[in-house]
Amino acid sequence: MVRCSRCGHENNDAFTYCIECNYPLNSKKKQVSEKKDFFTKWENFSTGKKVLFAVCICIIFILTFSTIHSLNNGNDNFASDIATSNTSSTLQSSSPYQVKVIYNGSWSGQVGTFEYPFDRSGSGNALLNVDGASWDNVTATITKHDDNEKNLTVQIIKNNKVIKQNSTTKPNGVVSLTD
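These figures come from a predicted structure and were not determined experimentally.

Asks: Outline the pairing of strand E4 (residues 106-113), supporting the account with residue identities and numerical values.
Replies: As judged from the seven bridges shared by E4 and strand E5 (residues 117-123), these two strands associate in the antiparallel manner. Residue pairing across strands places Gln110 opposite Asp119, the latter belonging to E5. Where E4 folds back onto E5 in an antiparallel hairpin, the turn is made up of three residues. Relative to strand E7 (residues 138-144), E4 runs antiparallel, the two sharing seven bridges. Opposite Ser108, over in E7, you have Thr143 as the bridge partner.

Next up, the structure:
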């Protein structure tokens with residue numbers, strides 16, 4: 001029998017509320033069931049459930065971060081492309097723009113749109129795809145890496161036609177173009 005703490009009436013152990021005043025009874029059965037409520041107390045979760053929960057949170061975080069990163073950075077494969085001697089970038093692009101570097105030596109610089117210029121380097125001639133739309137402004141700044149007076153020429157090409165070109169023969173010279 002359980003005594004009601006409000007009115008003092010003796011109630012059966014199976015009752016949750018007092019039969020006289022409907023006040024909640026503090027039975028031992030109720031206290032035990034509260035301790036077994038796994039959804040309200042973290043410490044009652046088994047170690048396996050805690051690990052599973054932590055793994056799920058990590059996976060959600062990684063997927064969210066990856067999605068945001070890929071949306072903000074566009075095509076990461078394009079940024080890591082490096083041109084080398086007498087070769088050209090082989091990435092397929094729907095962009096109408098390319099930048100051509102004509103130089104018999106080592107060079108580096110930035111090529112791309114104003115919003116997304118990418119660091120590029122190479123040795124010798126290179127044809128670099130620019131990831132942009134036909135209305136984007138394209139920029140190219142290429143620097144020679146030697147003290148010779150060989151000619152460095154840089155061209156901006158749109159739809160297979162040279163639209164801008166500049167060159168330098170100065171040692172460690174720089175060519176900058178914008179369309």
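Asks: Give a detailed account of the sheet that holds strand E10 (residues 174-178), specifying residues and quantitative values.
Replies: Taken in spatial order, the four strands make up an open sheet running E5-E4-E7-E10, and their pairing is antiparallel. Taken across any chain shown, the strands that pair with only one partner, and hence form the sheet edges, are E5 and E10. Neighbour-to-neighbour, the strand axes of this sheet turn through a mean angle of 15°, independent of strand direction.

Asks: Provide a residue-level description of the side chain of Thr168, including the pertinent values.
Replies: Structurally, Thr168 can be placed in strand E9 (residues 161-168). Using a relative accessible area of 11% as the deciding quantity, one classes Thr168 as buried. Within the structure, the side chain of Thr168 is placed 3.2 Å from the backbone nitrogen of Lys170, a separation counted as a polar contact. Discounting residues that sit within four places of it in the chain, Thr168 has contacts with Lys144, Lys150, Asn151, Leu152, Gly173, Val174 and Val175.

Asks: I'd like a rundown of the environment of Gly8, residues and numbers included.
Replies: Counting through the fold element by element, Gly8 comes out in the loop between strand E1 (2-3) and strand E2 (10-11). A residue is classified by how much of its surface remains accessible, and Gly8, at 26% relative accessible area, is partly exposed. When the C-alpha atoms of Gly8 and Cys21 are compared, they prove to be 9.7 Å apart, with 13 residues separating the residues in sequence.

Asks: Describe the nonpolar core, and please don't skip the residues or the numbers.
Replies: Counting residues in each nonpolar core, the largest one holds 17 residues, and the members touching the most others are Val99, Val101, Trp107, Val111, Ile142, Leu152 and Val154. Only strand E3 (97-102), E4, strand E6 (126-129), E7, strand E8 (152-158) and E10 provide two or more residues apiece to this core. In contact with Val111, not counting residues within four places along its chain, are Val99, Tyr116, Pro117, Phe118, Arg120, Leu128, Val130, Thr139, Ala140 and Ile142.

Asks: Could you give an account of the sheet that holds E9, naming the residues involved and the relevant values?
Replies: Judged by pairing direction, the sheet is antiparallel, and its four strands sit side by side in the order E6-E3-E8-E9 without closing on themselves. Among the strands making up the open sheet, the edge pair consists of E6 and E9. On average, adjacent strands in this sheet sit at an angle of 20° to one another, irrespective of strand direction.

Asks: Please give an account of the pattern of salt bridges that cites residues and values.
Replies: A side chain with one charge may pair with a side chain of the opposite charge, provided their charged atoms come close. Considering all chains together, one arrives at one salt bridge under this definition. Put simply, Arg3 and Glu10 hold a salt bridge, and the shortest N to O gap is 2.7 Å. Note on Glu10: relative accessible area 32%, which makes it partly exposed.

Asks: Describe the state of the cysteines, listing the residues and the values that go with them.
Replies: On inspection of all chains with the given rule, the structure shows zero disulfides. Unpaired in this structure, Cys58 has its nearest cysteine sulfur neighbour in Cys56, at a distance of 9.4 Å. Classification of Cys58 by relative accessible area gives partly exposed; the value is 44%.

Asks: Give me a nonpolar patch on the surface: which residues, what numbers.
Replies: Side chains of Val51, Val55, Ile59 and Leu63 sit close together on the surface and give an oily, nonpolar patch of about 350 Å² of accessible area. Counting through the fold element by element, Ile59 comes out in helix H2 (residues 47-73). Judged by relative accessible area, Ile59 falls into the partly exposed class, the value being 45%.

The rules we used
- Residues numbered from 1 in each chain as written.
- Predicted model: local features only at pLDDT ≥ 70, side-chain atom pairs only at ≥ 80, totals over all residues.
- Heavy atoms only, no water.
- Pairing = 2+ DSSP bridges.
- Helix = DSSP H or I, 4+ residues; strand = E, 2+ residues; numbered from the N terminus.
- Axes fitted to C-alpha atoms, helices over the stretch in contact; angles between N-to-C directions.
- Buried < 20%, exposed > 50% of the residue type's maximum accessible area, 1.4 Å probe, protein only.
- Polar contact = N/O pair within 3.5 Å; in protein donor to acceptor, adjacent residues only side chain to side chain.
- Contact = heavy atoms within 4.5 Å.
- Core = buried A, V, L, I, M, F, W, Y, C linked by side-chain atoms within 4.5 Å.
- Salt bridge = Lys/Arg side-chain N within 4 Å of Asp/Glu carboxyl O.
- Disulfide = S-S within 2.5 Å.
- Patch = residues over 30% accessible without salt bridge, like charges linked within 9 Å, V, L, I, M, F, W, Y side chains within 5 Å.
- Areas by Shrake-Rupley, 256 points an atom, 1.4 Å probe, with all protein chains shown as cover.

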